[in-house]
Amino acid sequence: MNGDLREIVVVTLRMYVRNRMALAFSYVFPVLFLLAFLVLYKDDEPLLIRHMGELLTVTILGGACFGLPTTMVSEREHGVWRRYRLSPVPPARIIFGTLLARYLMILVAGILQVIACMLIGGWTPEHPFQLWVAFTLVTLALLGLGLVIAALADTVPAVQALGQCIFLPMLMLGGVAIPLSAYSEVSWLLHLSAFFPGRYAVEVMQQCAQGDGLGPVWFSGLAVVLTGLGAGVTGAKLFRWDAHQRFLTGNKKAWLLATVGVWILIGVGAEAKRMTTKVPGRPSLKKISAPVEPAPPPQSSAPVPPTPTPPAPAPQVEVKAEPVVAPPPPVVVTTPAPVETAPAPPAPTPAILPAAVPPVAAAKTETPPANPAPAPVAAEPWKAYTKVDFARLDIANVPPDNGNVTPIAAANDEPDMSQRADLAQIESALPKWGPAQVTDRVQMVRNILYIAGTLDESQTNTERFVPYLVMNYLQTRIPTEELTQILCWIANHPNDGDASAAFRIQELGVFANVDEQDIPEIRRRNQWYATKFVWWLLGW
Amino acid sequence: MPAKVIIRDLRKSYGGVEAVAGVSFEIQDGEIFGMLGPNGAGKTSTLECVIGLREPDSGTIEVCGIDARQHPQEVKQRIGAALQTTSLQDKITGREALALFGSFYRRSVPPADLLKRFSLEEKADAPFDTLSGGQKQRLALALAFVNQPELVFLDEPTTGLDPQSRRELHGEIARMKQDGHTVLLTTHYIEEAEQLCDRIAIVDHGRIITTGAPKDLIAASKLTQLVSFETSRPVDAALLGRLPGITEPAVDGVHGRFRTRDISRALPELIRLLEAQQVQLAGLVVGKITLEDVFIELTGSKLRE
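Residues numbered from 1 in each chain as written. Chains lettered and ligands numbered in written order. Predicted model: local features only at pLDDT ≥ 70, side-chain atom pairs only at ≥ 80, totals over all residues. Heavy atoms only, no water.

If you tally the helices and strands in chain B, you get 11 helices and 14 strands. The buried share among the 305 residues of chain B stands at 50%. Split by element, the accessible area of chain B, about 13,700 Å² in all, is 47% carbon and sulfur. (Helix = DSSP H or I, 4+ residues; strand = E, 2+ residues; numbered from the N terminus. Buried < 20%, exposed > 50% of the residue type's maximum accessible area, 1.4 Å probe, protein only. Areas by Shrake-Rupley, 256 points an atom, 1.4 Å probe, with all protein chains shown as cover.)

Structure representation (structure tokens):
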């Protein structure tokens, strides 16, 4: 480092340390945010790791929107920078030295914050080096915005006003303080957030703290770098040595476009990317627009088979089962008790299952037999299901996708970093999950559906994305036609089978609080999800 | 030896108001050159254009043989400057400031030497915001000397200082002169210009009205000196009026007076007249033409108006 640059950095740091207000602002406020996050997300396990991106971005934003420009404008107002101008040191050196000093201050605050979170949560960042790289890129990018604020503001009060104009929207709309998942039902806000760099800052750092590092979030990394470049160019072009040096004349005003233009460019790019890229874990399925009127049942050329309702005498499980078929036409359901009044009993034991019922309900074993014999068709009544049966499913009474019950994320609804992390966790644990290993396909599908149903019942923040993950998993393992039949069977027989999978959701690495009394509700949600998936698979 | 500073037809306008309207002057090596003029005359704008704080609209600026408009950074390596008010970070100490600014130059004077020279040793480690006005201005001068400059620019360095601090600064500037430094000083204090400067330029409305050594400016003035005298008995007013080179003769009893541009000729003539009339001279007062008189003569206004 050159002597002059070192002196600028050292003196700037000394001035900073001697300014108690600056110290308080830089280190107390991040701690306050940390405590606020701790209170908000006290149920997270481990604590705070899912919000490191947000916490660090808040810290950086504070230093960039207020700390840096306040110091610069205050010194400029006092004529300090005018005195610098008398010397032969180029402005770029002064700016770089000031930025470097500010970066070091923010870095210390960030390190302290990470250490505090690690101690509280008992975790370590997945990619510490990449986290530092991401932190550095985000800091430089947002400090660039600080330069722009310093160039625009004539006075320190003006810095506060301008800083708030960037800080608050970034916190509220850019996903920095309020997770984007909170806006899942207000799609225009999600679109709007794509135009705020804070969103990408959170994403790159979160992915390094708890995720796969910078690689998968290359777009966000690029967005951060472009934000920094745009702001840096604007800040450098509008730089003023003294308060009386006006810049808003002539062509200089146009340099503001370098910052605003980059934000717009990134937002448009993100929107375009969203339209052309599938969210990880999301299958290429048609979006359900429930409730909808069921399409007229397609006429099968084959003769309509009898309704594959298990023959009497139905076991108690089957008797109380709630088939979600549409009211009559040709089919008469064995015992059409309403779901609400027919809570399912605990999972039946094989001993009470009739011979006609396939080993679906009995399939509790996690270790498949060495050479499982193919089940006879007669023991798999769901194989007789056709489009006629699919069409009879009562889709009209299934809760809509955008509601609280059995939600499914809209096509333009992106999971945030925390949700991505949870989804990735489930996705990676699912192949080894015991309930997913059962040989009985119907029970296996039921078990997988329990993930969606249970997480929906537990109101986890990933609930609306899990259905995609579930269907991805099922589609890659079961032929579509067969899967459709099984799902239809489950929709018609929601209370069949073993429900123990609901109690094993935590083995997937996600939190779900399930009691025995929750099982009927979860079964009902499975039924609705199964119905939605059937229509989904058929493209209705 | 070529001039240290050569300014030709320098112009600078602010929003249609021409603050510097074609200023030209030269400063020789080792000279203390003063720019004297009222507030708003264009002194500071001229100086700021020369030291690179402002971009002139037109004109040429050559400092130490370098085109200052083409190579401002190179010029800044060779000059030092103290502005009307020098502000630094509130919490920076004098020692730190000298080290910081010293790092900006290819060659620099150790902070300790400058602190000693400008009598700031006791306040070397005191924060800037605890220094008095005079101490701040001495630190500003120390900063101006941090790079061993060939040329020093001082923009109204004593404005706002108490008399003692002003005297101290005058001492420092006089020392610069003894050390052979070339200095451009702007001021609106006539006595400061008269006392410190080898040559001065009187500036008004963005233009240099005249340039020269203070005594030459006075000598070249068309102003007349007032001569008042007292005699043992009244002098004949008609005879007094016949003295060559005098105007406005008047006699009031034993008191008489007249004005003249050529005091060295008028006084012997007065003595001869009194001897011829056998009148004894009881008292004589010769009014001095001041630089301020010259300034008023040239600009039509008082300097501090």
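Residues and elements named next belong to chain B. Read from one edge of the open sheet, 4 strands run S12-S13-S11-S14, paired in antiparallel fashion. The outermost strands of the open sheet, each flanked by one partner alone, are strand S12 (246-252) and strand S14 (281-286). Within this sheet the neighbouring strands show an average axis-to-axis angle of 15°, counted without direction. Relative to S14, strand S11 (residues 225-231) is paired through 5 bridges, and the arrangement is antiparallel. Opposite Glu-230, over in S14, you have Gly-283 as the bridge partner. The sheet strands contacting helix H10 (residues 263-276) are S11, S12, strand S13 (255-260) and S14, and the helix crosses S14 at an angle near 165°. (Pairing = 2+ DSSP bridges. Axes fitted to C-alpha atoms, helices over the stretch in contact; angles between N-to-C directions. Contact = heavy atoms within 4.5 Å.)

Right, let's talk about the nonpolar core for a bit. What tends to happen in soluble globular proteins is that the nonpolar side chains get buried as a cluster. Of all hydrophobic cores here, the largest spans 121 residues; its most connected members are Tyr-84 and Met-205 of chain A together with Phe-104 and Leu-154 of chain B. Setting aside residues no more than four positions away along its own chain, Tyr-84 of chain A makes contact with Val-89, Ile-94 and Trp-241 of chain A together with Gln-89, Leu-100, Phe-101 and Phe-104 of chain B. (Core = buried A, V, L, I, M, F, W, Y, C linked by side-chain atoms within 4.5 Å.)

Moving on: the packing of aromatic side chains. Counted according to the given criterion, the structure contains 21 aromatic pairs over all chains. Here Trp-218 of chain A and Phe-219 of chain A contribute two aromatic rings whose centre-to-centre distance is 5.9 Å and whose plane-to-plane angle is 85°, an arrangement assigned as edge-to-face. Note on Trp-218 of chain A: relative accessible area 52%, which makes it exposed. Judged by its relative accessible area of 16%, Phe-219 of chain A is buried. Relative to Phe-33 of chain B, the ring of Phe-25 of chain B has its centre 5.1 Å away and its plane inclined at 10°; by these criteria the two rings are stacked. When its relative accessible area of 0% is taken as the criterion, Phe-33 of chain B is described as buried. Taken together, the aromatic side chains of Trp-81, Tyr-84, Phe-239 and Trp-241 of chain A together with Phe-101 and Phe-104 of chain B make up a single cluster linked through ring pairs. The ring of Phe-101 of chain B has Arg-83 of chain A sitting right over it, with the charged end atom 4.9 Å from the ring centre. The ring of Phe-128 of chain B has Lys-136 of chain B sitting right over it, with the charged end atom 5.1 Å from the ring centre. (Phe/Tyr/Trp six-rings, centres within 6.5 Å; stacked < 30°, edge-to-face > 60°. Lys NZ or Arg CZ within 6 Å of the ring centre and 35° of its normal.)

Okay, the environment of Met-35 of chain B next. Residues and elements named next belong to chain B. With respect to the helices and strands, the residue Met-35 is situated in strand S3 (residues 32-36). Its relative accessible area of 0% is what places Met-35 among the buried residues. Counting along the chain gives 162 residues from Met-35 to Cys-197, while the straight-line C-alpha distance between them is 9.2 Å. Residues contacting Met-35, with those up to four places away along its chain left out, are Phe-25, Lys-43, Thr-46, Leu-184, Leu-185, Thr-186, Thr-187, Ala-201 and Val-203.

Frequently, the measure chosen for interface size is the accessible area that the parts lose on association. Listed by partner, the interface residues are 26 residues for chain B and 22 residues for chain A. For the chain B face of the interface with chain A, the top three residues by lost area are Leu-53, Gln-89 and Phe-104 of chain B, together amounting to 26%. Counting the contacts that link chain B with chain A gives 3 salt bridges. A salt bridge links Arg-14 of chain A to Glu-96 of chain B, with the shortest nitrogen-to-oxygen separation between them at 3.5 Å. There are 9 residue pairs in polar contact (both at pLDDT 80 or more) connecting chain B and chain A. Where the side of chain B that touches chain A is concerned, the elements lending two or more residues are helix H2 (72-78), helix H3 (94-102) and helix H5 (133-144) of chain B. (Buried area = accessible area lost by both parts, 1.4 Å probe. Salt bridge = Lys/Arg side-chain N within 4 Å of Asp/Glu carboxyl O. Polar contact = N/O pair within 3.5 Å; in protein donor to acceptor, adjacent residues only side chain to side chain.)

This paragraph deals with the pairing of strand S1 (residues 5-14) of chain B. The two faces of a sheet get side chains in turn, since along a regular strand they alternate between them. All names here are of chain B. Relative to strand S4 (residues 58-63), S1 runs antiparallel, the two being bridged by 5 bridges. Within S4, the residue paired with Arg-11 across the bridge is Ser-58. Here S1 pairs with strand S2 (residues 17-27) via 8 bridges, running antiparallel. Of the residues in S2, the one forming a bridge with Leu-10 is Val-23. Adjacent in sequence and paired antiparallel, S1 and S2 are bridged by 2 residues, among which Gly-15 carries a positive phi angle near 55°.

Attention now moves to the pairing of strand S9 (residues 199-204) of chain B. All names here are of chain B. The element S9 is extensively covered by neighbouring structure, given that 5 of its 6 residues are classed as buried. In the sheet, S3 pairs with S9 via 4 bridges, with the strands oriented parallel. Across the sheet, Phe-33 pairs through a bridge with Arg-199, a residue of S9. Here S9 runs beside strand S10 (residues 207-212); their pairing, made up of 5 bridges, is antiparallel. Its bridge partner being in S10, Asp-204 is matched across the sheet by Arg-207.

As a further point, take the pattern of salt bridges. Residue and element names in this part refer to chain B. Summed over the entire model, instances satisfying the criterion amount to 36 salt bridges over all chains. Across the pair Lys-43 and Glu-156 runs a salt bridge whose closest N-O atoms are separated by 3.3 Å. Here the residue Lys-43 occupies a position in helix H1 (residues 43-50), and Glu-156 occupies one in the loop between strand S7 (151-155) and helix H6 (163-178), the gap between them amounting to 113 residues. For Lys-43, a relative accessible area of 2% corresponds to the buried category. The class for Glu-156 is buried, based on a relative accessible area of 4%.

This brings us to the side chain of Ser-45 of chain B. Residue and element names in this part refer to chain B. When you line up the elements, Ser-45 lands in helix H1. Given the relative accessible area of 12%, Ser-45 is considered buried. The residues contacting Ser-45, other than those within four sequence positions of it, are Tyr-14, Ala-19 and Val-20.

On to the sheet that holds strand S8 (residues 182-187) of chain B. All names here are of chain B. Read from one edge of the open sheet, 6 strands run S6-S7-S8-S3-S9-S10, paired in mixed fashion. With one partner strand each, in any of the chains shown, strand S6 (79-82) and S10 form the two edges of the open sheet. Along the sheet, successive strands turn relative to each other by an average axial angle of 15°, direction set aside. When S7 meets S8, the two strands line up parallel, connected through 5 bridges. Bridge pairing in S8 links Phe-153 to Leu-184. Contacting S3, S9 and S10, helix H11 (residues 291-299) crosses the sheet at an angle of about 40° to S9.

Where the model shows low pLDDT, its predicted coordinates should not be examined in detail. The predicted model of chain B has a mean per-residue pLDDT of 89, with 98% of residues at 70 or higher. Taken over the whole predicted complex, pTM reads 0.66, whereas the ipTM for its chain interfaces reads 0.81. (pLDDT = per-residue confidence, 0-100.)

On to the confidence of the model for chain A. Residues and elements named next belong to chain A. With 77% of its residues at a pLDDT of 70 or more, chain A has an overall mean of 77. Averaged pLDDT values for the elements of chain A fall to 33 in helix H12 (residues 316-320) and rise to 94 in helix H6 (residues 128-152). Low pLDDT, under 50, characterises residues 277-377; the predicted model gives this stretch 168 contacts beyond four residues in sequence or across chains.

With 13 residues, helix H9 (residues 197-209) of chain A should cover 18 Å at 1.5 Å per step; its first-to-last C-alpha distance of 19 Å lies within 8% of that length. In terms of burial, H9 of chain A is largely enclosed, as 13 of its 13 residues are buried. (Expected span 1.5 Å × (residues − 1).)

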